[in-house]
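# Analysis of the macromolecular model
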Amino acid sequence: QVQPVESGGGLVQAGGSLRLSCAASGRTFSSYNMGWFRQAPGKEREFVAHIARGGSTDYGVSVKGRFTISRDNAKNTVYLQMNSLKPEDTAIYYCVAGVRTYYVPSMSSEYDYWGQGTQVTVSS
């Protein structure tokens, strides 16, 4: 079992950058597929990025080319580097972990463990 804990959220101006971190407790962190989702007030939950246990990555359409997901298995941590931030990136960002071998990375139901979320606010 793994428990994701997010950090690094905050307030940033449009065009700026933030790096989110997700520390996941558990001795088998490297065996988990990790990802990020976000949810803005009044909007549906949205897939942001995913990194498989093997290191392959996927991104949501709205963040591709601006965000980068990475993982450090030695530190049990996954990162989300967010560049060229826009006001529409404002949301609560959730770190997720999953154990499935065959899954659709962009579907929230494919993940077994969720963090509490961290707020990201981008001002115009």
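Everything that follows concerns the structure shown earlier in this document.
Notes on the structure follow. (Residues numbered from 1 in each chain as written. Predicted model: local features only at pLDDT ≥ 70, side-chain atom pairs only at ≥ 80, totals over all residues. Heavy atoms only, no water.)

Next up on the list: the side chain of histidine 50. Among the secondary structure elements, histidine 50 is positioned in strand 5 (residues 46-51). Taking relative accessible area as the criterion, histidine 50 reaches 2% and is therefore assigned buried. Reaching out from histidine 50, the side chain makes a polar contact with the side chain of tyrosine 103 at a distance of 2.6 Å. (Helix = DSSP H or I, 4+ residues; strand = E, 2+ residues; numbered from the N terminus. Buried < 20%, exposed > 50% of the residue type's maximum accessible area, 1.4 Å probe, protein only. Polar contact = N/O pair within 3.5 Å; in protein donor to acceptor, adjacent residues only side chain to side chain.)

A few words now on the sheet that holds strand 3 (residues 18-25). Spatially, 1-3-8-7 is the arrangement adopted by the four strands of the open sheet, whose pairing is antiparallel. Only two strands of the sheet have a single partner each, and these edge strands are strand 1 (3-7) and strand 7 (67-72). Taken over all neighbouring pairs, the strand axes of this sheet differ in orientation by 20 degrees on average, direction set aside. Inspection of the sheet shows strand 7 paired to strand 8 (residues 77-82) by six bridges, in the antiparallel sense. Bridge pairing in strand 8 places arginine 71 opposite valine 78. (Pairing = 2+ DSSP bridges. Axes fitted to C-alpha atoms, helices over the stretch in contact; angles between N-to-C directions.)

What follows concerns the nonpolar core. Counting 27 residues, the largest nonpolar core has Met34, Trp36, Leu80, Met82 and Tyr93 as the members making the most contacts within it. Those elements that provide at least two residues to this core are strand 3, strand 4 (33-39), strand 5, strand 7, strand 8, strand 9 (91-98) and strand 11 (118-123). Ignoring sequence-local partners within four residues, the contact set of methionine 82 consists of Gly16, Ser17, Leu18, Leu20, Arg66, Phe67, Tyr93 and Val120. (Core = buried A, V, L, I, M, F, W, Y, C linked by side-chain atoms within 4.5 Å. Contact = heavy atoms within 4.5 Å.)

Among the six residues that make up strand 8, five are buried, leaving the element largely enclosed by the rest of the structure. Of the pairings in the sheet, the one linking strand 3 to strand 8 comprises six bridges and is antiparallel in character. Counted as the bridge partner of serine 21 is tyrosine 79 from strand 8. Once strand 7 ends, the chain turns through four residues before running back antiparallel as strand 8, passing asparagine 76 with a positive phi of about 55 degrees.

Turning our attention to the state of the cysteines. The full count for this structure, using the stated rule, is one disulfide. Each sulfur in the disulfide pair cysteine 22 and cysteine 95 lies 2.1 Å from the other. When the S-S torsion is -85 degrees, as for the bridge of cysteine 22 with cysteine 95, the disulfide is left-handed. Taken together, the positions of cysteine 22 in strand 3 and cysteine 95 in strand 9 put the pair 73 residues apart, joining distant regions of the chain. Relative accessible area serves as the criterion here: at 0%, cysteine 22 is assigned to the buried category. (Disulfide = S-S within 2.5 Å.)

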